[in-house]
Amino acid sequence: MSGLTNKTALVTGGTSGIGKAAARDLIANGATVIITGRYADKVAATVQELGEKAHGIVSDAGNMQDLLLLGKKVNGITPHIDVLFVNAGFGKYAPIESIDETHFDEQFNVLVKGTLFTVQQLLPLMKAGSSIILNTSIVTEVGLQNSAVYSAAKAAVQSFVKSFAAELGPRNIRVNAVSPGPISTNYFDRSNLTAEQVQGMTDWVLPQVSLARFGQPAEVAKAVTFLASDNASFMHGTEMYVDGGFPRIK
Ligand SMILES: NC(=O)c1ccc[n+]([C@@H]2O[C@H](COP(=O)([O-])OP(=O)(O)OC[C@H]3O[C@@H](n4cnc5c(N)ncnc54)[C@H](OP(=O)(O)O)[C@@H]3O)[C@@H](O)[C@H]2O)c1
């Protein structure tokens, strides 16, 4: 147990992959967890699967109206949260020539605007001692073909880690990130890539992972639980790489 008993966590994008695994692990470590997702049926099914310590809110991280209502909706369930894992997102890939405004706006709305305003709207519910965890990606560390928009959006999230940490440290609210490498999730479903291109990306990425495999969502979840807990009480403004040893440009 990581001492999360009597703690409440909000996990955005908790209906699948890393978010769902994080919700499960936080609950296993004693927390009550609220998840978000875009679809009522998926949120309800996930809450049922996660059990009685789970709650759900339908909220689109790429929709400003939903973002502005999120604090109020969370407040309807709990007066405060101790942990905020800002995870909702997806990666869309295209060569530079094919990127259009919709592609750009979709990615920046969910990943950049979504992250900023999720944190802003939830801050009034977070007391001293709380922990915010953002989800970046190892794509910020490498030049990756067809990934200009996604990588730039995640680089903005990486920048938020430092800015938010500088601003919230004096309030004793810790801000960190997990930076996952390739993880087996539904991530490629909205990637704009054909099955052949996904295979090509897999063939490119695998030889670069020192542990020579994709990670599991539960392996990222363990890092989230650690950063959420008092075990990480002096970790602030940093990223934890959960990437099997992906080479990084430093
Ligand atoms: N898998 C990887 O290799 C990898 C690597 C580095 C970083 N990441 C990051 O990890 C995060 C989670 O991705 P995943 O790999 O776990 O993929 P996933 O299995 O597709 O899960 C994505 C989650 O985000 C939610 N979501 C997507 N758009 C949303 C929106 N507009 N509003 C609210 N929820 C939204 C989805 O919920 P609904 O569809 O139900 O709304 C789902 O719960 C993303 O930020 C991704 O960029 C993934």
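None of the values given here were measured: they were computed from a predicted structure. (Residues numbered from 1 in each chain as written. Predicted model: local features only at pLDDT ≥ 70, side-chain atom pairs only at ≥ 80, totals over all residues. Heavy atoms only, no water.)

Caption draft 1: Structural context of the pairing of strand S5 (residues 126-135). Most of S5 sits out of view: seven of its ten residues are buried. Two strands pair when backbone bridges link them, and strand S4 (residues 81-86) and S5 are joined in this way by five bridges, in the parallel orientation. Looking across to S5, one finds that phenylalanine 85 is bridged to isoleucine 133. For the segment spanning S4, helix H4 (residues 101-122) and S5, crossover handedness is right-handed. For S5 and strand S6 (residues 174-180), the ladder comprises five bridges, and the chain directions are parallel. For isoleucine 133, the partnering residue across the bridge sits in S6 and is asparagine 176. (Buried < 20%, exposed > 50% of the residue type's maximum accessible area, 1.4 Å probe, protein only. Helix = DSSP H or I, 4+ residues; strand = E, 2+ residues; numbered from the N terminus. Pairing = 2+ DSSP bridges. Right-handed = clockwise from strand over helix to strand, strands pointing away.)

Caption draft 2: Quick peek at the site of the ligand. Taken together, the neighbourhood of the ligand is formed by 31 residues, with Thr15, Ser16, Ala61, Tyr150 and Thr185 sitting nearest. In the environment of the ligand, an oxygen atom lies 3.1 Å from a nitrogen or oxygen atom belonging to the side chain of lysine 42. A distance of 3.3 Å separates an oxygen atom of the ligand from a polar backbone atom of glycine 181. Bound to the protein, the ligand loses 95% of the 880 Å² it would expose on its own. When grouped by side-chain class, the residues that make up the shell around the ligand number ten nonpolar, 16 polar and five charged. (Near = heavy atom within 4 Å. Polar contact = N/O pair within 3.5 Å; in protein donor to acceptor, adjacent residues only side chain to side chain. Areas by Shrake-Rupley, 256 points an atom, 1.4 Å probe, with all protein chains shown as cover. Nonpolar A, V, L, I, M, F, W, Y, C, P; charged D, E, K, R; others polar.)

Caption draft 3: Expanded view of the packing of helix H1 (residues 17-28) against helix H7 (residues 217-228). Here H1 crosses H7 at 55 degrees, and the two axes come no closer than 8 Å. It follows from the interaxial angle that H1 and H7 lie oblique. When the axes of H1 and H7 are compared, the crossing they make is right-handed. Residues Gly17, Ile18, Ala21, Ala22, Asp25 and Leu26 of H1 touch H7, and the partners they reach there are Pro217, Ala218, Val220, Ala221, Lys222, Val224, Thr225 and Ala228. Of the residues belonging to the contact of H1 with H7, the class tally is ten nonpolar, two polar and two charged. (Axes fitted to C-alpha atoms, helices over the stretch in contact; angles between N-to-C directions. Parallel < 35°, antiparallel > 145°, perpendicular 65-115°, else oblique. Left-handed = near helix turned anticlockwise from the far one by under 90°. Contact = heavy atoms within 4.5 Å.)

Caption draft 4: A look at the sheet that holds strand S7 (residues 239-242). The parallel open sheet is built from seven strands, whose spatial order is S3-S2-S1-S4-S5-S6-S7. Looking at which strands have only one partner, the edges of the open sheet turn out to be strand S3 (54-58) and S7. Across this sheet, the average inter-strand angle for adjacent strands is 20 degrees, counted without regard to direction. On the sheet, H4 packs against strand S1 (8-11), S4 and S5 and is oriented at approximately 175 degrees with respect to S4. Contacts from H7 reach S4, S5, S6 and S7 within the one sheet, and its direction differs from that of S6 by about 170 degrees.

Caption draft 5: Local environment of the confidence of the model for the protein chain. Across the protein chain, the average pLDDT comes to 96, with 98% of residues at 70 or higher. At the level of individual helices and strands, the protein chain shows its lowest average pLDDT in helix H6 (residues 195-205), which scores 91, and its highest in S4, which scores 99. (pLDDT = per-residue confidence, 0-100.)

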